[in-house]
Amino acid sequence: MKRLFSILAITGMMAFGTVNANTTANITASIAATVASVSQDEAATDDVATEDLGFHQELKTRFIEGGPGFMGIVLLCLILGLAIAIERIIFLNLSTTNTKKLTQDVEDALQSGGVEAAKEVCRNTKGPVASIFYQGLDRTDEGVEAAEKAVIAYGGVQMGQLEKNVSWISLFIALAPMLGFMGTVIGMIQAFDKIEAAGDMQPSLVAGGIKVALLTTVFGLIVAIILQVFYNYIIAKIDSIVNDMEDASITLMDLLIRHKK
């Protein structure tokens with residue numbers, strides 16, 4: 001009987017020990033999986049943060065590696081070109097006038113108050129179209145032909161003001177890649193000088209000069225592309241304003257002829 005109880009006791013202890021061992025193993029595996037998952041999430045977060053910070057750092061590093069001489073001049077072209085482009089965009093947007101509304105206001109003023117009332121409307125309106133209208137109205141006493149000549153002459157003046165400093169942007173667009181190509185040539189010359197001095201063709205001797213050459217070219221092209229976008233927008237805006245000026249001038253002449261009758 002005692003032997004039977006002993007066997008049952010030993011069997012129960014072994015079963016309980018097996019269950020505990022399995023439970024402990026499951027808990028340990030679960031903890032390990034959780035820790036691994038958290039570690040992977042933290043590693044992924046660190047990689048994203050490093051990647052976000054790495055873009056700006058990489059850009060700075062590449063800019064410095066390109067050499068302070070040519071890269072500084074290319075950066076100066078970008079800064080000056082953007083400054084002129086932004087100034088021109090602001091000026092052109094302020095120079096845009098609702099030509100149809102202005103024409104209608106001038107026509108109503110001519111019918112109700114005469115030339116002086118129409119000139120007052122032009123004085124209170126901004127933009128080159130209003131200025132051209134004012135010059136034409138100011139010469140109506142001398143005849144329609146004199147008013148037309150004044151409108152044409154002052155239209156040329158206004159066009160010159162619209163195109164002011166735009167040529168500098170085109171200069172920087174051409175200058176930036178040229179400086180980049182010059183940096184490319186100088187970098188290649190330096191690479192060949194190192195090869196000549198070493199008397200052996202080793203990749204490590206050429207890599208530095210070629211890298212500088214490629215970086216200056218890339219940054220020069222990037223500057224030219226950025227400025228080209230602004231330049232095309234400015235040219236399109238000027239063309240639109242000039243077309244409005246020409247249409248408005250023809251309309252003004254028709255109004256003055258009808259008013260004289």
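Residues numbered from 1 in each chain as written. Predicted model: local features only at pLDDT ≥ 70, side-chain atom pairs only at ≥ 80, totals over all residues. Heavy atoms only, no water.

## Details of the overall build of the protein
As a reminder, the rule being used: Only runs of H or I of at least four residues qualify as helices and only runs of E of at least two qualify as strands under DSSP, and these elements are numbered from the N terminus. Think of it in three bands: with a 1.4 Å probe and only protein chains considered, a residue is buried below 20% of the maximum accessible area for its type, exposed above 50%, and partly exposed in between. Contacts are residue-level and defined by heavy atoms, with any inter-residue pair within 4.5 Å sufficient. Accessibility throughout is a Shrake-Rupley quantity obtained with a 1.4 Å probe, and a residue counts as covered only by protein chains that appear here.
Along the backbone of the protein there are eight helices and zero strands. By the burial criterion, 30% of the 261 residues in the protein qualify as buried. Sequence separation of at least 24 residues holds for 78% of the intrachain contacts in the protein that already meet a minimum separation of 6. Put simply, the protein shows about 16500 Å² of open surface, and 65% of that area lies on carbon and sulfur atoms.

## So, the nonpolar core
As a reminder of what qualifies: Residue types Ala, Val, Leu, Ile, Met, Phe, Trp, Tyr and Cys, when buried and joined through side-chain atoms within 4.5 Å, form a set referred to as a nonpolar core.
Membership of the largest hydrophobic core comes to 40 residues, with the highest contact counts inside it found for Val-106, Phe-133, Leu-137 and Ile-234. The set of elements that each furnish at least two residues to this core consists of helix H2 (68-95), helix H3 (99-112), helix H4 (114-123), helix H5 (128-138), helix H6 (144-162), helix H7 (166-198) and helix H8 (203-260). Top contributing element to this core by residue count: H8, with twelve residues. When sequence neighbours within four positions are dropped, the list of residues in contact with Val-106 reads Ala-118, Val-121, Cys-122, Phe-133, Leu-137 and Leu-255.

## Here's the deal with the side chain of Thr-216
Threshold: Polar contact criterion, stated in full: a pair of N or O atoms within 3.5 Å, where within protein one must be able to donate a hydrogen and the other to accept it, and residues adjacent in sequence count only if both atoms are side-chain atoms.
Relative to the helices and strands, Thr-216 is located in helix H8. Under the relative-accessibility criterion, Thr-216 is labelled buried at 1%. Reaching out from Thr-216, the side chain makes a polar contact with the backbone oxygen of Gly-180 at a distance of 3.2 Å.

## Some remarks on the pattern of salt bridges
Selection rule: Any Lys or Arg side-chain nitrogen found within 4 Å of a carboxyl oxygen on Asp or Glu counts as a salt bridge.
Taken as a whole and assessed by the stated rule, the structure comprises six salt bridges. Close ionic contact of Lys-101 with Asp-105 constitutes a salt bridge, the shortest N to O distance being 3.1 Å. Of this pair, Lys-101 and Asp-105 both sit in helix H3, four residues apart, roughly one helical turn. Across the salt bridge formed by Lys-119 and Asp-138, the nearest N and O atoms sit 2.9 Å from each other.

## Some words on H6
Just so we agree on the cut-off: Every helix has an expected span of 1.5 Å times one less than the residues it contains. Here the arc refers to the set of directions running from the helix axis out to each C-beta atom.
In this model H6 runs 26 Å from its N-terminal to its C-terminal C-alpha over 19 residues, within 8% of the 27 Å that 1.5 Å per residue would give. The set of residues buried in H6 consists of Ala-147, Ala-150, Val-151, Gly-155, Gln-158 and Leu-162. Burial along H6 is one-sided: seen end-on, the buried residues are contained in an arc of 140 degrees. Turned more than 90 degrees away from the buried face of H6 sit Glu-145, Lys-149, Ile-152 and Ala-153, all of them exposed.

## So, H4
Buried within H4 are the following residues: Gly-114, Val-115, Ala-118, Lys-119 and Cys-122. The buried residues of H4 occupy an angular sector of 165 degrees when projected down its axis, which confines them to one face.

## Observations regarding a nonpolar patch on the surface
Condition: Patches were defined on residues exceeding 30% relative accessible area and lacking a salt bridge, with like-charge contacts within 9 Å and nonpolar side-chain contacts (Val, Leu, Ile, Met, Phe, Trp, Tyr) within 5 Å.
Taken together, the side chains of Phe-181, Leu-221, Ile-225 and Val-229 present a nonpolar region at the surface, about 390 Å² in accessible area. At three residues, the largest contribution of residues to the nonpolar patch is made by H8. Tracing the chain through its elements places Phe-181 in helix H7. Classification of Phe-181 as partly exposed rests on a relative accessible area of 44%.

## Here's the deal with the environment of Ala-85
Tracing the chain through its elements places Ala-85 in helix H2. Its relative accessible area of 0% is what places Ala-85 among the buried residues. Remark: the alpha-carbon pair of Ala-85 and Asn-165, spanning 80 residues in sequence, is separated by 8.8 Å. Residue contacts for Ala-85: discarding those within four places in its chain leaves Ile-169, Phe-230 and Ile-234.

## Details of the environment of Ile-238
Relative to the elements of secondary structure, Ile-238 occurs in helix H8. Overall, Ile-238 belongs to the buried group, its relative accessible area being 3%. Placed 75 residues apart in sequence, Ile-238 and Glu-163 show a C-alpha to C-alpha distance of 7.3 Å. Each residue touching Ile-238, except ones within four places of it in the same chain, is listed here: Leu-92, Leu-162, Glu-163 and Val-166.

## Thoughts on unusual backbone geometry
For Asn-165, which is not glycine, the phi dihedral falls at a positive 70 degrees. Considering the arrangement of structural elements, one finds Asn-165 in the loop between H6 and H7.

## A short note on the confidence of the model for the protein
The line we're drawing: On a range of 0 to 100, pLDDT expresses the predictor's confidence in each residue.
For the protein, per-residue confidence averages 75 on the pLDDT scale, and 69% of positions sit at 70 or higher. The model gives residues 1-39 a pLDDT under 50, and that stretch makes zero contacts with residues more than four places away or in other chains. When the criterion is pLDDT under 50, residues 41-53 qualifies, and its contacts beyond four places in sequence or with other chains add up to zero contacts.

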